[in-house]
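Structure assessment
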Amino acid sequence: MKPLFAGMLLSISLLTAPLFAKEYTVETYQEVFKGDNEFKQKQAIESLSLAGLSDPAIYDVLEAKLLASLPQATEKNAIDYSAWLVKGLAYSGNDKYSETINSIMNGNYHKKLKKYASQANENLAQYKKWNTILGDKSQYAADQSQQNNAFANALRSDDLELMRLAAKRIMDDRQYDDFILAILSNELKTPRLMADDKLAIDTYANMAKALASSGNADYRDVIENIATTSSNRKLQKYAASYLKKFY
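This section reports on the structure supplied with the text. As the structure is a computational prediction, the values presented were derived from the model and not from experiment.

Digging into the packing of helix 8 (residues 146-155) against helix 9 (residues 160-173)
Look at helix 8 against helix 9: their axes get within 8 Å of each other, and the N-to-C directions meet at 140°. Relative to helix 9, the element helix 8 lies oblique. Like other packed secondary-structure pairs, helix 8 and helix 9 cross with a definite hand, here left-handed. Only L162, M163, A166, A167, R169 and I170 of helix 9 make contact with helix 8, whose side of the interface consists of F151, A154 and L155. For the contact of helix 8 with helix 9, the per-class residue count stands at eight nonpolar, no polar and one charged.

The following block contains the structure:
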């Protein structure tokens, strides 16, 4: 889905520290979005992208902050800030926020902000589906955080785009807990959704890259196996390059 990942580009290179190092709660999200620290708000929004949280108690506060920001969204920094907020609102997957998003799409706002509102409108429908997967507690491990369990649900899902997004976030946030690496390893050993198409190849390539980039030698054989026995030659080449680069 092109708009979804185009929208993600707004976040590239924002931070150098892992975003998921902090375990957010509904209350901490509310505190952040009620405050005035834009950097912390952007961190919180990034964490929502794979949190599987749809609680209006979070997004009502985010929506209020977005609406308050719009009158100032006439110059670069202010437009960027409002764009972050509208992007975050889409992570709710809740149709109650579509009116606000549509009002920005169709309103008299800067073209960049309208563009991100349009992407958010599409992402809202995507996250309605994804949050159901991410927030499914039936497979949650009691000894793991909400964030780790959401990652695991994404990687075990039947949605290649969600699996790919999880792999990319694992790398961006350097989320290399043993629990996460074991899930990645299991999925790579038995690539259920592997097919000879761009999305499937890219998804499993990113998962292999995430496992290799952990630097954990316990999983080297998994990457080596892909590099030598995968049925897809492109994936073999990707895995071989990861061995050279990360180990």
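A closer look at the packing of helix 9 against helix 11 (residues 198-213)
Taken N-terminus to C-terminus, the directions of helix 9 and helix 11 make an angle of 25°; their axes are 9 Å apart at the nearest point. When the axes of helix 9 and helix 11 are compared, the pair comes out roughly parallel. In the crossing of helix 9 with helix 11, the sense of the turn from one axis to the other is left-handed. Of helix 11, the residues touching helix 9 (which contributes L160, E161, M163, R164, A167, K168, I170 and M171) are L199, A200, D202, T203, Y204, N206, M207, K209, A210 and S213. Split into classes, the residues belonging to the contact of helix 9 with helix 11 amount to ten nonpolar, three polar and five charged.

The rules behind these values
Residues numbered from 1 in each chain as written. Predicted model: local features only at pLDDT ≥ 70, side-chain atom pairs only at ≥ 80, totals over all residues. Heavy atoms only, no water. Axes fitted to C-alpha atoms, helices over the stretch in contact; angles between N-to-C directions. Helix = DSSP H or I, 4+ residues; strand = E, 2+ residues; numbered from the N terminus. Parallel < 35°, antiparallel > 145°, perpendicular 65-115°, else oblique. Left-handed = near helix turned anticlockwise from the far one by under 90°. Contact = heavy atoms within 4.5 Å. Nonpolar A, V, L, I, M, F, W, Y, C, P; charged D, E, K, R; others polar.

Purely spatial values, then, with no claim about function.
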